[in-house]
Amino acid sequence: MGTLFFGIFALLFGLFTIYLRLFKASEGLGKLDKMKKTYGEKAGTIIHIFSYTVLPIAAGILFIVAYYNGSDIF
């Protein structure tokens, strides 16, 4: 059951960051500014999108599929 919980949580987290990015003009994405300062405008944005949007959505889908295939990751 933990696998399903973490899958849903990760998926919702990734979707929430998409929502913040599209409709709130990046308000609430506190680490984005620090990443832009550290890595530059373009690289910081790419790293942030991958780390906080793409990776959680992919992990969430993987965990949900694993749960329905009978695997218990956690």
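Along each chain, residue indices are assigned from 1 in the same order as the chain's sequence is written. It should be noted that, the model being predicted, local features are given only for residues of pLDDT at least 70 and side-chain atom pairs only at 80 or more, the latter also being counted only at that level, while totals for whole chains, interfaces and linings use all residues. With hydrogens and water stripped out, all remaining heavy atoms of the structure feed into the side-chain values.

## What to know about the overall build of the protein chain
Comment: elements are numbered from the N terminus, with helices defined as DSSP H or I runs of at least four residues and strands as E runs of at least two. From N to C terminus, the protein chain includes three helices and zero strands. For the protein chain, the sequential pattern of α-helices and β-strands runs α-α-α. Taken over C-alpha atoms, the radius of gyration comes to 14 Å for the protein chain, far larger than the 11 Å a tight globule of 74 residues would show. Referenced to the eigenvectors of the C-alpha coordinate spread, the extents of the protein chain come out at roughly 45 × 25 × 15 Å. Any residue under 20% of the maximum accessible area for its type is buried, any over 50% is exposed, and the rest in between are partly exposed; the area is computed with a 1.4 Å probe on protein chains only. In the protein chain, buried positions account for 26% of the 74 residues. Pairs at least 24 apart in sequence give 62% of the contacts found in the protein chain among residues at least 6 apart. Calculation of accessible area relied on Shrake-Rupley with a 1.4 Å probe; when residues are assessed, cover is drawn exclusively from the protein chains displayed. By element, 71% of the accessible surface of the protein chain is carried by carbon and sulfur atoms, the whole surface being about 5,200 Å². Radius of gyration here is computed from C-alpha atoms only, and the compact-globule reference equals 2.2 Å multiplied by the residue count raised to the power 0.38. Contacts: residue pairs with any heavy atoms within 4.5 Å of one another.

## Re the side chain of Thr-17
Here Thr-17 shows up in helix 1 (residues 2-23). Judged by relative accessible area, which is 3%, Thr-17 ranks as buried. The term polar contact refers here to a pair of N or O atoms within 3.5 Å; inside protein, the definition further demands a hydrogen-donor-capable atom paired with an acceptor-capable atom, and it admits residues adjacent in sequence only when both atoms are side-chain atoms. At a separation of 2.7 Å, a polar atom in the side chain of Thr-17 contacts the main-chain carbonyl oxygen of Gly-14.

## Details of the packing of helix 2 (residues 30-39) against helix 3 (residues 41-68)
Every axis in this analysis is a line fitted to C-alpha atoms, fitted for helices over the stretch in contact. Angles between the N-to-C directions lie between 0 and 180 degrees. In contact at an axis separation of 7 Å, helix 2 and helix 3 are set at 135 degrees when each is read in the N-to-C sense. Between helix 2 and helix 3, the interaxial angle falls into the category oblique. Handedness of the crossing formed by helix 2 with helix 3: right-handed. Contact residues: Lys-31, Leu-32, Met-35, Lys-36 and Tyr-39 in helix 2; Glu-41, Ala-43, Gly-44, Thr-45, Ile-47, His-48 and Tyr-52 in helix 3. Of the residues in the contact of helix 2 with helix 3, the class split is six nonpolar, three polar and three charged. Our angle categories are set so that under 35 degrees counts as roughly parallel, over 145 as roughly antiparallel, 65 to 115 as roughly perpendicular, and the remainder as oblique. Each helix crossing is assigned a hand: it is left-handed if the near helix lies turned anticlockwise from the far helix by less than a right angle, otherwise right-handed if that turn is clockwise. Here the term charged refers only to Asp, Glu, Lys and Arg, the term nonpolar to Ala, Val, Leu, Ile, Met, Phe, Trp, Tyr, Cys and Pro, and the term polar to all other amino acids, Gly among them.

## Topic: the confidence of the model for the protein chain
For the protein chain, per-residue confidence averages 91 on the pLDDT scale, and 99% of positions sit at 70 or higher. Mean pLDDT values for the elements of the protein chain range from 88 in helix 2 up to 95 in helix 3. Known as pLDDT, the predictor's per-residue confidence is scaled from 0 to 100.

## Regarding helix 1
Along its 22 residues, helix 1 runs 31 Å from first to last C-alpha, staying within 8% of the 32 Å computed at 1.5 Å per residue. Buried residues in helix 1 make contact with helix 3. One or two steps after helix 1, the chain reaches Ala-25, where phi turns positive at roughly 50 degrees. Take the number of residues in a helix, subtract one, and multiply by 1.5 Å to get its expected span.

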